[in-house]
Amino acid sequence: MGLAPGIAAEAERWTQVLHDGGPRSLPRQQGTVWLYLNRARPALLECSNRYDHLREVTREDVLAQVKTLHGHHRMDQLVALRSLFAWAKRSGLIFRNPTSRIRVGQIEYSVLQPLAPDQIDRSVAAATTPAVRLILALAAVHAARVAQIGTLTLDDLDIGNRRLTIVGHSGGGPQASRRPVAAACMSRYPKGYRKPTDSCDGCLAWGDFSGRLCPACYMFGRSHAAAVCAGCRRIQPLKWDYCRLCWCQARLGAEADVRVRLNAVRDHQLFFMGMHHRNGSEPAPRRRGGRRGAPHKPPPAPAWRPNADRSQLPLFEQVPRDYGHLDPADIDLASPWLAWAKYLAHRLAEARGWGRGIRFAVNRGLTLVLTGYVEDDVIRHSAIFAPLRALDLRVGHVITVLEEMRIFLDDSEPSFEGWLAERLEGLAPGIGSEAGRWTRVLRDGSPRSLPRRQGTVWLYLNRVRPALLDWSHRYDHLREVTRDDVLSYIKTVHGHQRHDQLVALRSLFSWAKRNGLVFRDPTSRIKVGQYQYGVLQPLVPAQVDRSVAAATTPATRLILALAAVHAARVAQIGTLMLDDVDLGNRRLTIAGRARPLDDLTMKLLLDWLEHRRNRWPNTANLYLLINNQTATKTSRASNHWISASMRGQDATLERLRVDRQLEEALTHGPDPLHLAEVFGLDEKTAMHYADSARTLLEQTAEQPSQ
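No experiment lies behind these values; they were computed from the predicted model shown. (Residues numbered from 1 in each chain as written. Predicted model: local features only at pLDDT ≥ 70, side-chain atom pairs only at ≥ 80, totals over all residues. Heavy atoms only, no water.)

## Let's talk about the overall build of the chain
Inclusion rule: Secondary structure elements are taken from DSSP: a helix is a run of H or I of four residues or more, a strand is a run of E of two residues or more, and numbering for both begins at the N terminus. For the exposure calls, accessible area comes from a 1.4 Å probe over protein chains only, and a residue counts as buried if that area is under 20% of its type's maximum, exposed if over 50%, partly exposed in between. Whether two residues are in contact is decided by their heavy atoms, any of which lying within 4.5 Å being enough. Residue exposure ignores everything except the shown protein chains as possible cover, and the areas themselves are Shrake-Rupley values with a 1.4 Å probe.
Helix and strand counts for the chain stand at 28 helices and 12 strands. Looking at the chain residue by residue over its 706 residues, the buried ones come to 35%. If you take every contact in the chain between residues at least 6 apart in sequence, the share linking residues at least 24 apart comes to 56%. A total accessible area of about 44,400 Å² is found for the chain, and carbon and sulfur atoms account for 53% of it.

The structure is reproduced here in structure tokens:
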């Protein structure tokens, strides 16, 4: 308002570029955009009285406007004007930048003064809630800004390693800082604090509990979506359109049908927490032996696959079902297929150590997907995944039971196909089709080649993609690419990037030549060259000490020892089986090579086995290292979980492994045969370690003695 139309339109475009970013600039924060426009607006109002466009503003006009200001006001307005006119010059709206060669100058900051103790005491006394105390500690101890405190997530807190990740913005990009957590920030409440008795926000029950919800309402909310309750009209997690408070009130009715009792709810009787129980209004009396509660349910009766001789054959093909809109009244608990599934689930639970919660979730999921099931129907992954995930049920465990019944079909799209389609996007149709065939041959193998690992396939396609994108602007097929095209592209990359891309291109064109897609291999007789490896450097003791201090659990200590003492890779650690450990003979088999167990690894191994036996006594997983996710399965722990404890440290598991092999070469001499025998290294890798050790020993010998 008040600006000339031409100046207003150009200022609006500049403001939009500040907010959204451009090809040569990053988007600014919304507060920064507001400040820039507010700082430039007085000068633009002054110029609007005489001019219609920014190209009419001269250097004298800018100097005259800036002379009326002083201090930080002058600097702030001149910075905003320089940003505006620099953008206008790049966009061709003005011929010359009137703010060029006008010095902004340095602002003179005053001397910062420390706070007095009484000022800090008053702020501490004003922090009366757990949230305010935590905010005060983050600002006073970790020097976190208000915006940084607000953007902290639960993933930024690593209580096991006592680390806190605070993210800021420096130099236009995010910058994460992992800081040790002070003792005052570790506890949920201050030492000695006890949360007073309060009412639950969900069911209004009165009692002692942590947080704002009682345990029953917290678990109820995890598996039900929030909406407006049909009974009390509150926004709460709902089951059959009613919240948990209405369900508790409906239990007091005398009608048999639960729907009649729910519809009759008009008011609510308040109660104390823990008064409503699933099996009655009062806790079960103490039984013989001192245990309270209801007796354990008996195991399901043995059941087998239903006999199909007595069932009627279907007249039509299988009708697709919507498992997300199943009416509870239609649930068939007497189905023989459900009885068989529950019996199989009980056997799997006993064999694999499933807990009570997993068993309950699996039975609920089986009841959902097997209601209305008939002989020869196939349950598809795409049909049950979303409904089971929406109810927070165990999809993987339910699928395990269905696979045992042989009525499940996994029709989910492999992640590899989605990744491949994304990587081939933007290529010419002919080049994309040929590159896709080559990628699948790398993954699946051929009569003349073995299948590669999935990580190798990803690397190869990612390396050739820039060259294929460049050639897709000129050619439609790989047979049109010439040797000069390959040479001109390779000249644009250097170092290991040139080596890696040329290796991948040679693999692509050699496959195309063998399959008759190209007449001549354009990469032939182009030398790849030897990759020049740098000298490996040993870790300093301080780096190793910090990694040792970060290993605070039996699993992480054992992982650290396997990498630092036995030079085991992350994947080799994850694939270790219980049979690979021979405690009697003090031997450990890693990747098929038996190694003696030293005293440190022996102690850490015994500690981990004791912890594993106490934590998961009923697990059937045969892998040495397991966690909460794999203890109820038979699969191995992921590489991400194994390396998580050392992530962010200078001495990661990979660097510890390299340091152990380098130490062996420095101690026993740079002998590649010895290294290959001890660690099972490839000849080139062993020679690399030997060369690095020889160089380090020569540098040590050349240093003058102190």
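Once the structure has been displayed, the description carries forward.
## So, unusual backbone geometry
Phi at Arg 233 takes a positive value of approximately 65°, unusual for a residue other than glycine. We classify Arg 233 as exposed; its relative accessible area is 58%.

## Re helix H22 (residues 554-564)
Across the 11 residues of H22, eight count as buried, placing the element largely inside the fold. Taken together, the buried positions of H22 are Ala 555, Thr 556, Leu 558, Ile 559, Leu 560, Ala 561, Leu 562 and Ala 563. Tucked inside the fold, the buried residues of H22 contact helix H21 (541-550), helix H23 (570-574), strand E11 (587-590), helix H24 (599-615), helix H25 (639-643) and helix H26 (653-668).

## A word on the pattern of salt bridges
Worth spelling out the cut-off: One speaks of a salt bridge when a side-chain nitrogen belonging to Lys or Arg is within 4 Å of a carboxyl oxygen belonging to Asp or Glu.
In the structure shown here, the tally under the stated rule is 20 salt bridges. Of the charged contacts in the structure, one is a salt bridge between Arg 212 and Asp 201, with a shortest N-O distance of 3.8 Å. A residue pair is termed long-range when its members are at least 10 positions apart, and Arg 212 in the loop between strand E5 (206-207) and helix H9 (215-222) and Asp 201 in the loop between strand E4 (198-199) and E5 qualify at 11 residues. Assessed through its relative accessible area of 55%, Arg 212 is described here as exposed. Residue Asp 201 is classed as partly exposed on the basis of its relative accessible area, which comes to 40%. Arg 443 is paired through a salt bridge with Glu 417; the nearest N and O atoms lie 4.0 Å apart. You can see Arg 443 sitting in helix H17 (residues 429-444) and its partner Glu 417 sitting in helix H16 (residues 415-424), a full 26 residues away along the chain. One salt-bridge network, in which partners are shared between bridges, spans Glu 417, Arg 440, Arg 443 and Asp 444.

## Notes on helix H19 (residues 483-490)
Put simply, the rule is: Taking the helix axis as origin, the arc is that swept by the directions to the C-beta atoms.
Turning to H19, its buried residues number three or more, namely Asp 485, Val 486, Tyr 489 and Ile 490. All buried residues of H19 lie within an arc of 125° about the axis, which places them on one face of the element. In the core, the buried residues of H19 are packed alongside helix H18 (454-472) and helix H20 (495-514).

## Focus on the pairing of strand E12 (residues 593-596)
Applied cut-off: Being paired, for any two strands, means DSSP has found at least two bridges between them.
Bridge count for E11 against E12 is four bridges, and the pairing is antiparallel. Of the residues in E12, the one forming a bridge with Leu 588 is Arg 595. Hairpin connection of E11 to E12: two residues between the antiparallel strands, including Ala 591 at a positive phi of 55°.

## So, the packing of aromatic side chains
Filter applied, for reference: Note on ring pairs: Phe, Tyr and Trp rings are taken, using the six-membered ring of Trp, and paired if centres are within 6.5 Å. Classes follow the plane angle, with under 30 degrees stacked, over 60 edge-to-face and the rest tilted.
If you walk through the whole model with that rule in mind, you get 10 aromatic pairs. Judged by centre distance (6.0 Å) and plane angle (55°), the ring pair of Trp 337 and Trp 340 falls under tilted. Of this pair, Trp 337 and Trp 340 both sit in helix H12 (residues 336-352), three residues apart, roughly one helical turn. Note on Trp 340: relative accessible area 9%, which makes it buried. Both rings, one in Phe 416 and one in Trp 419, keep their centres 5.7 Å apart while their planes meet at 40°; by these two values the pair is tilted. In this pair, Phe 416 and Trp 419 are both assigned in helix H16, three residues apart and thus about one turn of the helix distant.

## Topic: the side chain of Thr 556
Our working rule: Pairing of N or O atoms within 3.5 Å defines a polar contact, subject to two protein rules: one partner must be a possible hydrogen donor and the other a possible acceptor, and residues neighboring in sequence count only if both atoms are side-chain atoms.
Topologically, Thr 556 is positioned in helix H22. In this structure the side chain of Thr 556 is engaged in a polar contact, spanning 3.4 Å, whose partner is the backbone nitrogen of Thr 552. For Thr 556, the residues in contact, after removing those within four places along its chain, are Ala 551 and Ser 645.

## Focus on a negative patch on the surface
Note the cut-off: Distance thresholds for patches are 9 Å for like charges and 5 Å for nonpolar side chains (Val, Leu, Ile, Met, Phe, Trp, Tyr), applied to residues having over 30% relative accessible area and no salt bridge. His is not counted, nor are the chain ends, whereas Lys and Arg count as positive and Asp and Glu as negative. One atom stands in for each charge, and that atom is NZ of Lys, CZ of Arg, CG of Asp or CD of Glu.
A contiguous patch of negative charge on the surface is contributed by Glu 403, Glu 404, Asp 410 and Asp 411. With respect to the secondary-structure elements, Glu 404 resides in helix H15 (residues 395-405).

## Regarding a nonpolar patch on the surface
A surface patch of nonpolar side chains, about 280 Å² in accessible area, is lined by Leu 115, Ile 120 and Val 124. Within the secondary structure, Ile 120 is located in helix H5 (residues 117-126). A residue is classified by how much of its surface remains accessible, and Ile 120, at 41% relative accessible area, is partly exposed.

## Focus on the packing of H22 against H26
Selection criterion: To obtain an axis, a line is fitted to C-alpha atoms, over the contacting stretch when the element is a helix, and the angle between two such axes runs from 0 to 180 degrees between their N-to-C directions. Under the scheme applied, nonpolar residues are Ala, Val, Leu, Ile, Met, Phe, Trp, Tyr, Cys and Pro; charged residues are Asp, Glu, Lys and Arg; polar residues are all the others, including Gly.
Contact pair H22 / H26: the axes reach a minimum separation of 7 Å and the direction vectors enclose 40°. Residue-level inspection shows Ile 559, Leu 560, Ala 563 and Ala 564 of H22 in contact with H26, the latter providing Leu 653, Leu 656, Arg 657 and Arg 660. Per-class residue counts for the contact of H22 with H26 are six nonpolar, no polar and two charged.

## Re the packing of helix H1 (residues 5-20) against helix H2 (residues 30-48)
Packed helices, taken two at a time, are described by their axes: the angle between them and the distance between them. Here is the rule: Here the angle decides the label: under 35 degrees means roughly parallel, over 145 means roughly antiparallel, 65 to 115 means roughly perpendicular, and every other value means oblique. Helix crossings fall into two classes, left-handed where the near helix is turned counterclockwise from the far one by less than a right angle and right-handed where it is turned clockwise.
Across the interface, H1 lies against H2 with an axial gap of 11 Å and an inter-helix angle of 165°. Here H1 lies roughly antiparallel to H2, going by the angle between them. In the packing of H1 onto H2, the handedness of the crossing is right-handed. Counted together, Ile 7, Ala 11, Trp 14, Thr 15, Leu 18 and His 19 of H1 and Val 33, Tyr 36, Leu 37, Ala 40, Leu 44, Cys 47 and Ser 48 of H2 form the full contact between these two elements.

## What to know about the nonpolar core
Taken as a class, soluble globular proteins show a tendency for nonpolar side chains to be buried jointly. Where we set the bar: Note on terminology: a nonpolar core comprises buried Ala, Val, Leu, Ile, Met, Phe, Trp, Tyr and Cys residues joined through side-chain atoms within 4.5 Å.
If you look at the biggest cluster of nonpolar residues, it comprises 34 residues, and the most contacted ones within it are Trp 438, Leu 461, Val 464, Leu 468, Trp 471, Leu 478 and Leu 505. Sorting the residues of this core by element identifies H16, H17, H18, H19 and H20 as the ones contributing at least two each. With sequence-adjacent residues up to four places away left out, Trp 438 is seen in contact with Tyr 460, Leu 461, Val 464, Ala 504, Ser 507, Leu 508 and Trp 511.

Remember that the coordinates give geometry; whether it matters functionally is a separate question.
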